[in-house]
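# Coordinates in review
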Amino acid sequence: MADHEHDRDHGHAHTAPPNPYLEPRRSAAETQALEARVAKLEQLLIDKGIVSRATLDHIVAVYENDIGPMNGARVVARAWLDADYKQRLLHDATAAIAELGFSGLQGEHMVVVENSAQVHNVVVCTLCSCYPWPVLGLPPAWYKSPPYRSRIVIDPRGVLAEFGLTLGEDVEVRVWDSSAEIRYLVLPERPAGTERLSEAELAALVTRDAMIGVAKISL
Amino acid sequence: MTDRLAKPAVAEMPGIEGLPRKSGELVFHGDWERRAFALAVALCEQGHYDWDEFRAYLIASIAAAGESPAAPNPAAPGYYEHWLASLERTLTAKGLLAP
């Protein structure tokens, strides 16, 4: 287990803030009125030549694809391609991640742990649900569940097998306990056969689960 | 230095005004929400206003509804209703809706 001092009361902002707006709130009729209001505004701005529909479509595509787990995926892809960047990432992950323009951490330090043929890393927060959300988005429900938080420590191989990841007996499993101060991100192994892929193509292969350490990356 | 396209100022607003996300992905309940989102971001990226100007309206609109993460109120306006009202206020303040 990684050693750390954990805040007992968890009374500070170290998980993603709960968002009350995830469920729809309006009836079909109310929604229709809102649809009309936006359409009118959009048409006015298009008629004035201030925006184009192509620009608007592009913005939506960028934001739907570019935030959340993709941020972490870009960090991983860059580290696979750029040995100097990887060294900086393993030495000072907070600074190396900021280099790519990802901010939003609230004073926590990022630590990146590298998987290899001999070592497999997996991340948990045993006391609550500390999570590197600027690079991974919001945590999945299972990450916050008491069974994962306790069992991954007691029986990491068994829990990983339930995720479909069976590790050889010769592979050392390291479990990292996130805290208010330190957030871990797993640097997965680059799969074979990806030598010709671009950074964007590599990033598209990287999954959230691999960066938590409950999966490997495959083609 | 960065090839990231999304602006952190937009994607990582820290408080209740932050974009609703599930597993890191944006949550839109209808196409009007998606379009209102795109309008506000596009006009900012084109230099019509600073993101903080829009965000200030958004924070004020949510605050006026009296809602907080600790005290959610499903009967209050949804996130993108605040967003749309804030967009209209910003555009009016900048004279972009004048004929």
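This structure is a prediction, so every number in the text was calculated from the model and none was measured.

This part takes up the overall build of chain A. Scanning chain A from terminus to terminus reveals 11 helices and four strands. Partitioning the intrachain contacts of chain A with sequence separation of at least 6 by distance along the chain shows that 73% fall at a separation of at least 24.

We now examine the overall build of chain B. When helices and strands are counted, chain B shows four helices and two strands. When the helices and strands of chain B are read in sequence order from the N terminus, they spell out α-β-β-α-α-α. Sequence separation of 24 or more characterises 69% of the internal contacts of chain B that already satisfy a separation of 6 or more.

To continue, consider the confidence of the model for chain A. Chain-level statistics for chain A give a pLDDT mean of 85 and a share of 86% at 70 or above. Segment residues 1–17 of chain A is flagged for pLDDT under 50; beyond a separation of four residues in sequence, or across chains, it makes 29 contacts in the model.

A word on the confidence of the model for chain B. With 89% of its residues at a pLDDT of at least 70, chain B reaches an overall mean of 87. For chain B, the element scoring lowest by mean pLDDT is strand β1 (residues 21–22) of chain B, at 70; helix α4 (residues 79–93) of chain B scores highest, at 97.

All right, on to helix α2 (residues 31–45) of chain B then. Residues and elements named next belong to chain B. The terminal C-alpha atoms of α2, which comprises 15 residues, lie 21 Å apart, in line with the 21 Å expected from a rise of 1.5 Å per residue. For α2, a buried count of 13 out of 15 residues is recorded, marking the element as mostly surrounded by other parts of the structure. Looking one or two residues beyond α2, the residue adopting positive phi is Gly47, at roughly 90°.

In this structure, Val76(A), Leu185(A), Val206(A) and Met211(A) are the most contacted members of the largest nonpolar core, which totals 43 residues. At seven residues, the largest contribution of residues to this core is made by helix α3 (residues 69–81) of chain A.

With that settled, the discussion passes to the environment of Ala215(A). All names here are of chain A. With respect to the helices and strands, the residue Ala215 is situated in the segment after α11 (208–212). Once the C-alpha coordinates of Ala215 and Gly164 are considered, the two residues, 51 residues apart in sequence, prove to be 7.5 Å apart. Here Ala215 is in contact with Phe163, Leu165, Thr207, Asp209 and Ala210, once residues within four sequence places are set aside.

So, about the packing of α2(B) against α4(B). Residues and elements named next belong to chain B. With their axes 10 Å apart at the nearest point, α2 and α4 run at an angle of 40° to one another. Here α2 runs over α4; the crossing is left-handed. The segment α2 lies against α4, with Glu33, Ala36, Phe37, Leu39 and Ala40 engaging Tyr80, Trp83, Leu84 and Leu87. Here the residues of the contact of α2 with α4 are counted per class, giving eight nonpolar, no polar and one charged.

Here helix α1 (residues 28–47) of chain A crosses α2(B) at 35°, and the two axes come no closer than 9 Å. Remark: the crossing between α1(A) and α2(B) carries left-handed chirality. Of α2(B), the residues touching α1(A) (which contributes Leu34(A), Glu35(A), Val38(A), Leu41(A), Glu42(A) and Leu45(A)) are Trp32(B), Arg35(B), Ala36(B) and Leu39(B). Split into classes, the residues belonging to the contact of α1(A) with α2(B) amount to seven nonpolar, no polar and three charged.

Position of Glu67(B) among the secondary structure elements: in the loop between α3 (51–64) and α4. Note: C-alpha distance between Glu67(B) and Pro77(B) (10 residues apart in sequence) is 9.4 Å. When near neighbours in sequence (up to four residues on either side) are disregarded, Glu67(B) contacts Pro20(A), Ile62(B), Pro72(B), Asn73(B) and Ala76(B).

What follows covers the environment of Arg190(A). In this structure, Arg190(A) sits in the loop between β4 (182–187) and α10 (199–205). Considering only alpha carbons, one finds Arg190(A) and Leu202(A), 12 residues apart in sequence, at a separation of 8.7 Å.

Okay, the pairing of β4(A) next. Residue and element names in this part refer to chain A. The element β4 is extensively covered by neighbouring structure, given that six of its six residues are classed as buried. Alternating residues of β4 divide into Ile182, Tyr184 and Val186 and Arg183, Leu185 and Leu187, and every residue in both groups is buried. With six bridges connecting them, strand β1 (residues 109–114) and β4 associate as parallel partners. Across the sheet, Val112 pairs through a bridge with Leu185, a residue of β4.

Rules and cut-offs
Residues numbered from 1 in each chain as written. Chains lettered and ligands numbered in written order. Predicted model: local features only at pLDDT ≥ 70, side-chain atom pairs only at ≥ 80, totals over all residues. Helix = DSSP H or I, 4+ residues; strand = E, 2+ residues; numbered from the N terminus. Contact = placed C-beta atoms within 7 Å. pLDDT = per-residue confidence, 0-100. Expected span 1.5 Å × (residues − 1). Buried ≥ 20, exposed ≤ 12 C-beta atoms within 10 Å, placed from the backbone. Core = buried A, V, L, I, M, F, W, Y, C linked by C-beta atoms within 7 Å. Axes fitted to C-alpha atoms, helices over the stretch in contact; angles between N-to-C directions. Left-handed = near helix turned anticlockwise from the far one by under 90°. Nonpolar A, V, L, I, M, F, W, Y, C, P; charged D, E, K, R; others polar. Pairing = 2+ DSSP bridges.

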